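Now for the letters of each chain:
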Amino acid sequence: MPQWRISMEQINFYKSLQTPCFVLDVAELKRSIDGYQKALDSNFQKAIVGYSVKTNSTPYCMRKAGDFGAYAEVVSHDEYELAVLCGFPTNRIIYNGPMKSKETFVEAVEGGAIVNIETKRELEWLKDLDRSQQYKVGLRLNINISHISEEDADGDNDNSRFGFSDETSEFADAVGYISNLPNVSLNGLHIHRTAHSRSVRFYERSVEYACNTIKKYDLDLDYLDVGGGYFGIFPNKPTYQQYSDAFYNVLKANDLDNLCLIVEPGNALVASCYTFVSEVIDHKEVEKDHWFVTTDGSRNDIDPFFKKSGYLDEEIYQKETPVVETQTISGCTCLEYDRLFTLKDKPLLCVGDRIIYHNVGAYTMCLTPMFIRYIPNIYALENGECKLVREKWTAKEFIQKTII
Ligand SMILES: Cc1ncc(COP(=O)(O)O)c(C=O)c1O
């Protein structure tokens, strides 16, 4: 029999689920949020961990993130409304991105959310705030990766379409515009940029750039929002503590360590919290000793960009089978390229066997297209119990709000 890396208890658990499905490990979510918060608290008087809703918008997971102390970081009016529905009070929402609606923008600013202005229309909307009250807003600063950290340069994507640029007059104009409003003050900078390297060095330099900008404009701020882009659980990669120390050391050297430090980790927080479980529904030998194994999962479920080169996968067999040379593990769609990975010289997977994919919580479920099979079940594993927290969608859910 093959050697299991997961325990017999876990095997029985994965066998009991209705596939295809995702499983949220609630304790792992708490561990991630607590881990980053603790690392920040060791340096800063005030620090906020934002849960990046775009990375995984499962409502149950969002509510749990809120229970564990995270703010919701949203980037559209739909995400803003979702965060409100998931129980986040307005003053525990970080509102970013160009896709805000005027209505939710005004509601967020008036309700004390952390609102980072991204577009010029938001600057215009500030004029519609209640004139008798004082409000605070943040501004996103445009960052070209290669201009601040040559070693982190990554070619065509180094410039950014986000934020107001201090390489032109845009940032100065936005600061000037806000300072001319009698009832609004600028209280934060947002500097999210994900460098390909996710290196600590990049954050040292982007925070330094923010400090220089703060000094250049003599800004009196409450917070610096350094965005996302961190490594999570992988060994030999920077830890939450190393990132936190880097933010702190640069801010301290610039006498700005009194700022509230905000992070918005996506991948680092939620990837490790989800597992995907699929079942083998067929196998066929198409060439001598080359088998195609069809599963009820799809690459659309766990690699919607079709870019991943490997998975943290485990196979659960039901019985002993002969070893075969090559097995191409494939998805359930009719796309020829819906192929996930290859097994070499392993026992043949048969109908009913299961494949577990770990670490698949980031940018997967929220990007899955409604192609051929609709969104699968999501279970949450919590305090030793497993419950269905989102039932799979059928044609009934698919035709909601449509005319036939
Ligand atoms: C504004 C903002 N914050 C946070 C994140 C999360 O980034 P990551 O998943 O790289 O941590 C993103 C991702 O695009 C983002 O755009």
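Residues numbered from 1 in each chain as written. Predicted model: local features only at pLDDT ≥ 70, side-chain atom pairs only at ≥ 80, totals over all residues. Heavy atoms only, no water.

This paragraph deals with the overall build of the protein. Counting its secondary structure elements, the protein contains 13 helices and 17 strands. In summary, the protein has a C-alpha radius of gyration of 24 Å against a globular reference of 22 Å for 404 residues, a match within 12%. Each of the 404 residues in the protein was classed as buried or not, and the buried ones make up 54%. For the protein, contacts bridging at least 24 residues in sequence account for 67% of all contacts bridging at least 6. Carbon together with sulfur atoms contributes 49% to the accessible area of the protein, which is approximately 19000 Å² in total. For the protein, the distance from the average site of its 43 positive side-chain charges to the average site of its 59 negative ones is 2 Å. (Helix = DSSP H or I, 4+ residues; strand = E, 2+ residues; numbered from the N terminus. Rg over C-alpha atoms; globule rule 2.2 N^0.38 Å. Buried < 20%, exposed > 50% of the residue type's maximum accessible area, 1.4 Å probe, protein only. Contact = heavy atoms within 4.5 Å. Areas by Shrake-Rupley, 256 points an atom, 1.4 Å probe, with all protein chains shown as cover. Lys, Arg positive; Asp, Glu negative; His and termini not counted. Charge placed at Lys NZ, Arg CZ, Asp CG, Glu CD.)

Here the focus is the sheet that holds strand β5 (residues 114-117). Judged by pairing direction, the barrel is parallel, and its eight strands sit side by side in the order β2-β3-β4-β5-β6-β7-β8-β9 before closing back on the first. Ignoring which end each strand starts from, the neighbouring axes of this sheet average 30° apart. Alignment of β5 against strand β6 (residues 135-140), held across two bridges, turns out to be parallel. Each bridged residue has a counterpart across the sheet, and for N116 the counterpart in β6 is G138. (Pairing = 2+ DSSP bridges. Axes fitted to C-alpha atoms, helices over the stretch in contact; angles between N-to-C directions.)

Next up on the list: the environment of L349. Note on placement: L349 falls in the loop between β14 (339-347) and β15 (354-358). Measuring from C-alpha to C-alpha, the distance between L349 and E279 comes to 9.9 Å, with 70 residues separating the pair along the chain. Dropping the residues within four chain positions of it, L349 is found in contact with V280, H283, V293, E315, Y317, Q327, I329, L343 and I355.

With that out of the way, let us pick up empty space enclosed by the protein. One pass over the structure, following the stated rule, counts one cavity of 30 Å³ or more. The wall of the largest cavity is formed by S298, N300, D301, T333, T368, P369, F371 and R373. Among the residues making up the lining of the largest cavity, the classes are represented as two nonpolar, four polar and two charged. (1 Å grid on protein atoms, 1.4 Å probe; cavity = no way out; pocket = protein on both sides within 12 Å on 5 of 7 lines; lining within 4 Å. Points joined across faces, edges and corners; volume = space filled by probe spheres on them. Nonpolar A, V, L, I, M, F, W, Y, C, P; charged D, E, K, R; others polar.)

Looking now at the layout of surface pockets. Roughly 350 Å³ of internal volume is contained in the second largest pocket. In this structure, the second largest pocket is lined by 17 residues; those nearest its centre are Q10, Y14, D25, T275 and H358. Elements that contribute at least two residues to the lining of the second largest pocket include exactly α1 (8-16), β1 (21-25) and β10 (274-287). A per-element tally of the lining of the second largest pocket places α1 first, with four residues. Along the lines of polarity and charge, the residues of the lining of the second largest pocket split into eight nonpolar, six polar and three charged.

Domain boundaries assigned for the protein yield domain 1 (8-24 + 272-398) and domain 2 (42-265). Look at where the C-alpha atoms of domain 1 and domain 2 centre, and you get two points 36 Å apart. When the buried surface of domain 1 facing domain 2 is broken down by residue, Y363, C366 and E382 rank first, second and third, together holding 34% of it. Counting across the domain 1 and domain 2 interface gives one salt bridge. The closest approach of N and O atoms between K64 and E382, which form a salt bridge, is 2.7 Å. (Domains from an automatic or database assignment. Buried area = accessible area lost by both parts, 1.4 Å probe. Salt bridge = Lys/Arg side-chain N within 4 Å of Asp/Glu carboxyl O.)

A few words on the nonpolar core. Within soluble globular proteins, side chains that are nonpolar generally end up buried alongside one another. Counting 105 residues, the largest nonpolar core has Y51, L126, L139, L224, F247 and Y357 as the members making the most contacts within it. Not counting chain neighbours up to four residues away, the residues in contact with Y51 comprise L29, N56, C61, M62, A65, A70, Y71, A72, E73, L269 and V270. Judged by nonpolar contacts, the second largest core, of 11 residues, contains V23, I316, I356 and Y379. (Core = buried A, V, L, I, M, F, W, Y, C linked by side-chain atoms within 4.5 Å.)

With that out of the way, let us pick up the packing of aromatic side chains. Evaluated as defined, the whole model comprises 20 aromatic pairs. By way of ring pairs, the aromatic residues Y36, F202, Y203, Y230, Y240, Y243 and F247 are connected into one cluster. Directly above the aromatic system of Y95 lies the positively charged group of K100, at a separation of 5.6 Å from the ring centroid. (Phe/Tyr/Trp six-rings, centres within 6.5 Å; stacked < 30°, edge-to-face > 60°. Lys NZ or Arg CZ within 6 Å of the ring centre and 35° of its normal.)

Direction vectors running N to C along helix α2 (residues 26-41) and helix α10 (residues 240-253) enclose 30°, while the axes themselves pass 8 Å from each other. Taken together, α2 and α10 sit at an angle that is classed as roughly parallel. The two elements α2 and α10 meet at a crossing, and its hand is right-handed. In this structure, α2 uses S32, G35, Y36, A39 and L40 to contact α10, whose residues at the interface are Y240, Q241, Y243, S244 and F247. (Parallel < 35°, antiparallel > 145°, perpendicular 65-115°, else oblique. Left-handed = near helix turned anticlockwise from the far one by under 90°.)

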